[in-house]
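Residue strings, one per chain:
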Amino acid sequence: MSALKVIPDVYWVGAVDWNVRNFHGHTYSTSRGTTYNAYLIIDDKVALVDTVYGPFAAEMIENIKQIIVPEKIDYIIANHVETDHSGALPAILKLCPKAKVFGTAKCKEGLDKHYYGNWDFQVVKTGDKLKLGKKTLTFNEAPMLHWPDSMFSYLIEDQILLPNDAFGQHYATNQRFDDEVDGYALMEEAAKYYGNILWPLSPLVLKKIQELIKANIPIKIIAPSHGIIWRKDPMKIVNAYLSWAKNETKPKVAVIYETMWQATEKMARKIVEGITDAGLNVKLFDVTQSDRTEIIKEMLDSKGYIIGSSTHDNDMLPNMAGFLHFLKGLKPKERIAAVFGSYGWAGGAVKNIEDTLKEAGIEIAQPSLSVRYVPDGNELKSCYEYGKSFARIINK
Ligand code: FEO
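Residues numbered from 1 in each chain as written. Predicted model: local features only at pLDDT ≥ 70, side-chain atom pairs only at ≥ 80, totals over all residues. Heavy atoms only, no water.

Trainee: Could you clarify how one ought to interpret the environment of Asp128 in this entry?
Mentor: Position of Asp128 relative to the elements: it lies in the loop between β11 (121-123) and β12 (129-131). Residue class for Asp128 comes out partly exposed when judged on its relative accessible area of 30%. Residues Asp128 and Phe139, 11 residues apart in the sequence, show an inter-C-alpha distance of 5.8 Å. Discounting residues that sit within four places of it in the chain, Asp128 has contacts with Val123, Leu137, Thr138 and Phe139. At 2.8 Å, the side chain of Asp128 forms a polar contact with the backbone nitrogen of Lys125. (Helix = DSSP H or I, 4+ residues; strand = E, 2+ residues; numbered from the N terminus. Buried < 20%, exposed > 50% of the residue type's maximum accessible area, 1.4 Å probe, protein only. Contact = heavy atoms within 4.5 Å. Polar contact = N/O pair within 3.5 Å; in protein donor to acceptor, adjacent residues only side chain to side chain.)

Trainee: Would you explain the packing of aromatic side chains in this entry?
Mentor: Here the distance between the centres and the angle between the planes together describe a pair of aromatic rings. Applying the stated criterion across every chain yields a total of 10 aromatic pairs. Considering the side-chain rings of Tyr241 and Trp244, the 5.8 Å spacing of their centres and the 50 degrees angle between planes classify their relative orientation as tilted. Of this pair, Tyr241 and Trp244 are both found in helix α7 (residues 234-245), three residues apart, which corresponds to roughly one turn of the helix. Look at Tyr241 and you get buried, because its relative accessible area is 1%. Members of the aromatic cluster, connected to one another through ring pairs, are Phe167, Tyr194, Tyr241 and Trp244. Note that Arg32 overlies the ring of Tyr171, its terminal NZ or CZ placed 5.7 Å from the centroid. Between the NZ or CZ atom of Arg292 and the centre of the ring of Phe326, over which it lies, the distance is 4.1 Å. (Phe/Tyr/Trp six-rings, centres within 6.5 Å; stacked < 30°, edge-to-face > 60°. Lys NZ or Arg CZ within 6 Å of the ring centre and 35° of its normal.)

And the structure:
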């Protein structure tokens, strides 16, 4: 992708990573790829806001060269240390060795420990300003959104927020703006991004957004460092973040199971029938077949989770154990759950799932449902009723 004008004298000079399918060491499946967004601001002084993942450094440099010779870059703003945004810093700094790098104190620490670059670095704090000429950048520390070093930059005169990871999406397209792409896919990727990356940080997200709203900062454009730039309706993503950060949910259910010889699966399908007949939206996921990133996206705005597993070695099956471990780390709040599963003799899965969900802060809304070996007609009826009664609790 070539450089692209965001507004006069502000350019996107990033890279589109069409083919990446796993991100963050396989913690996130990027089924639609991603982008690494870097922005070049041209004024009396030239500033580059963020860079790209290292393997895309040459592409970013080519994009910069379409606008200016890289030697002319005076300032590089490092909003975030993580390598998908800082990986190209060493390469670009070789071409503009006199450029000064700006970031938080934690950013300096982090960059030093990544690149050992001994660069000219200026630590900035919330409220600090950097005059470029007619345009002015200001900075707002945003610790843990997404790392301790993170900060938002803001181009005052043009009212552009450059929040790095926040408000981003892993969404590779040849379009750059929210008014150009499929709105459904865009929000789906934004939700996936929030659910899988920012969900456990919700209290901080909420605090930061409320702080920005209170400060009455006018925002015309939100230009994150992944995915699409919000220019048509930046408040759409801000309001979605507010809702997710407040753990607001819809009356819907995600049923997630792992099965050994399909007995637990039979139970799951009947439970889904019961929920459906009670009039609720429900989705069924076999944890061994479904993409974890997608399941989490569905769980982000679902009020209820029903979790099932066959018993193996007096415990849940291992893929479910891994999934629940990941879920626990996301710290979901205000959710209710129920648990089911089949067993042969001693059992154990259901109890351990309940314990794990409780540890995750999820309330168990009704007693668990166990079936020995394969469910018969009456037991399947109980599964159906189990789904119905859970739906009634959700609807209360
Ligand atoms: Fe896109 Fe936290 O890096």
